[in-house]
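Structural characterization, general
What follows is the residue order along each chain.
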Amino acid sequence: MLETPEVDLAYDVHGPLPTAGGRPPLVMIGQPMDASGFGALASHFTDRTVVTYDPRGLGRSSRKDGRIDHSPETQAGDVHAVIAALGAGPVEMFASSGGAVTALALVAAYPDDVTTLVAHEPPLIPVLPDAQAAEHARARVRDAYEEKGAGAGMAAFIAMTSWPGEFTDDYFAQPAPDLAAFGMPAGDDGSRDDPLLSDRSWAVSSYRPDVDALTTAGTRVVIAVGEESRDVFTGRTAVATARLLGQQATVFPSHHGGFLGGEFGYAGQPAAFARKLREVLDSAG
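Read on for an overview of the structure. As the structure is a computational prediction, the values presented were derived from the model and not from experiment. (Residues numbered from 1 in each chain as written. Predicted model: local features only at pLDDT ≥ 70, side-chain atom pairs only at ≥ 80, totals over all residues. Heavy atoms only, no water.)

Structural notes on the side chain of S205
Positionally, S205 belongs in helix α7 (residues 202-205). For S205, the side chain forms a polar contact with the side chain of R138, separated by 2.7 Å. Discounting chain neighbours no more than four positions away, the residues touching S205 are P123, L124, I125, P126 and R138. (Helix = DSSP H or I, 4+ residues; strand = E, 2+ residues; numbered from the N terminus. Polar contact = N/O pair within 3.5 Å; in protein donor to acceptor, adjacent residues only side chain to side chain. Contact = heavy atoms within 4.5 Å.)

Details of the environment of A42
As for its placement among the helices and strands, A42 is situated in helix α1 (residues 39-42). On the basis of relative accessible area, A42 is assigned to the buried category, the value being 14%. Separated by 53 residues in sequence, A42 and A95 have C-alpha atoms that sit 13 Å apart. In this view, A42 contacts M28 and V50; residues no more than four positions away in its chain are not counted. (Buried < 20%, exposed > 50% of the residue type's maximum accessible area, 1.4 Å probe, protein only.)

Comments concerning the sheet that holds strand β1 (residues 2-3)
Across the sheet, which stays open at both edges, the three strands sit in the order β1-β2-β6 with antiparallel pairing between neighbours. What marks the edges here is a single partner per strand, and that holds for β1 and β6 (62-63). (Pairing = 2+ DSSP bridges.)

A word on the nonpolar core
Considering soluble globular proteins, one finds that nonpolar side chains tend to be buried as a cluster. By size, the foremost hydrophobic cluster in this structure holds 39 residues, and its most contacted members are I29, M93, L117 and I223. Here the element with the most residues in this core is helix α3 (residues 98-109); it accounts for seven residues. Formed by 20 residues, the second largest nonpolar core is a distinct cluster that contains V50, F252, L260 and L277. (Core = buried A, V, L, I, M, F, W, Y, C linked by side-chain atoms within 4.5 Å.)

A word on unusual backbone geometry
In the segment running from L17 into P18, the intervening peptide bond is cis, with an omega of -5°. Looking at the secondary structure, you find P18 in the loop between β3 (11-14) and β4 (26-29). A cis geometry characterises the amide bond from Q31 onward to P32, with omega recorded as 5°. In this fold, P32 is placed in the loop between β4 and α1. Of note in this structure, E121 is not a glycine but carries a positive phi near 50°. Residue position: E121 is located in the loop between β8 (114-120) and α4 (131-148).

Notes on the layout of surface pockets
Looking at the largest pocket, its volume works out to about 1300 Å³. What lines the largest pocket is a set of 42 residues, and nearest its centre among them are S97, F157, T161, L196 and H256. Within the residue set of the lining of the largest pocket, elements represented by two or more residues are α4, α5 (150-161), α7 and α9 (233-244). Examining the composition of the lining of the largest pocket, we find that five residues originate from one element, α5, more than from any other. Here the residues of the lining of the largest pocket sort into 22 nonpolar, 15 polar and five charged. If you add up the space inside the second largest pocket, you get close to 310 Å³. Considering the residues around the second largest pocket, the lining is formed by 16 residues, among which R140, A144, A156, A176 and P177 are closest to the centre. Elements with a minimum of two residues in the lining of the second largest pocket: α4 and α5. Its residues assigned to classes, the lining of the second largest pocket comprises 11 nonpolar, one polar and four charged. (1 Å grid on protein atoms, 1.4 Å probe; cavity = no way out; pocket = protein on both sides within 12 Å on 5 of 7 lines; lining within 4 Å. Points joined across faces, edges and corners; volume = space filled by probe spheres on them. Nonpolar A, V, L, I, M, F, W, Y, C, P; charged D, E, K, R; others polar.)

Overview of the packing of helix α2 (residues 72-86) against α3
Look at α2 against α3: their axes get within 8 Å of each other, and the N-to-C directions meet at 70°. In terms of orientation, α2 and α3 fall into the roughly perpendicular class. Of the residues in α3, those in contact with P72, E73, Q75, A76, V79, H80 and I83 of α2 are V101, T102, A105 and L106. Partitioned by chemical class, the residues of the contact of α2 with α3 number seven nonpolar, three polar and one charged. (Axes fitted to C-alpha atoms, helices over the stretch in contact; angles between N-to-C directions. Parallel < 35°, antiparallel > 145°, perpendicular 65-115°, else oblique.)

Examining the packing of aromatic side chains
Scanning the model with the defined rule gives 10 aromatic pairs in all. Ring centres 5.5 Å apart and planes at 80° place the aromatic pair F94 and F273 in the edge-to-face group. Of this pair, F94 sits in strand β7 (residues 91-96) while F273 sits in helix α10 (residues 270-282), and the two are 179 residues apart along the sequence. Accessibility classification places F94 together with F273 in one group, the buried group. Aromatic ring contacts, followed pair by pair, group F38, F94, F252, F259 and F273 into a single cluster. Here the basic side chain of R138 rests over the ring of W202, its NZ or CZ set 4.2 Å away from the ring centre. The ring of Y145 has R192 lying over it, and the distance from NZ or CZ to the ring centre is 5.6 Å. (Phe/Tyr/Trp six-rings, centres within 6.5 Å; stacked < 30°, edge-to-face > 60°. Lys NZ or Arg CZ within 6 Å of the ring centre and 35° of its normal.)

All we've got here are geometric facts, nothing functional implied.
Okay, structure coming up:
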């Protein structure tokens, strides 16, 4: 546990420090997913020291700053503090979803922290050609959650993130998703603090990457996209982010959660995903 004035950050170190063989630690970060989502992927890197953590205010990391929002810049500072606490930097990093946004902010602010970053499907609305429509679609998820609870919000979220291509009039003309069709409960427990469904994490999806900082940093930045998700929201943001950085997105197996082993009910292909990640990390230089 790393205790700071603003937050107590929980992190896990799997393997020795200092690391064996001189290879830097492999840090895996997500958002709003915490360390619990990386078990399957980490199990394929037993030859490496793997570090995971719970972002501020999520999982075991208790915030003391009196805030409820989630900011990439703030979280980047937290990850920087964890890397410093390890005393084994610079590190290699795999970052997923909102964690990939945090990682891009980290490299922009602390370019000496990371040697290679694999940023998998960062959900960055501003990079999309239909950014305004995507913001509207995001607001509909929040509104469904506020009005009817988690089941309705998650159904709306799935409808948004599985829509192929740009958010057109056809998307917005759809009726509200059928909760039963998505396997979502109709009940409402009254809570409205979910970081995925509320507007508490809008700073994450509204983040604008600092292209100049990222392209001049010594960090090798690889933007990754799932082969099954290239045409939907997070796949499109990944492809657009890669283009913004002057590269093509590197295709990984499976979907947005392709490294998951079924922890959250939607398994990917963690073994194949790990092989691709190892290949990308080993190709540095």
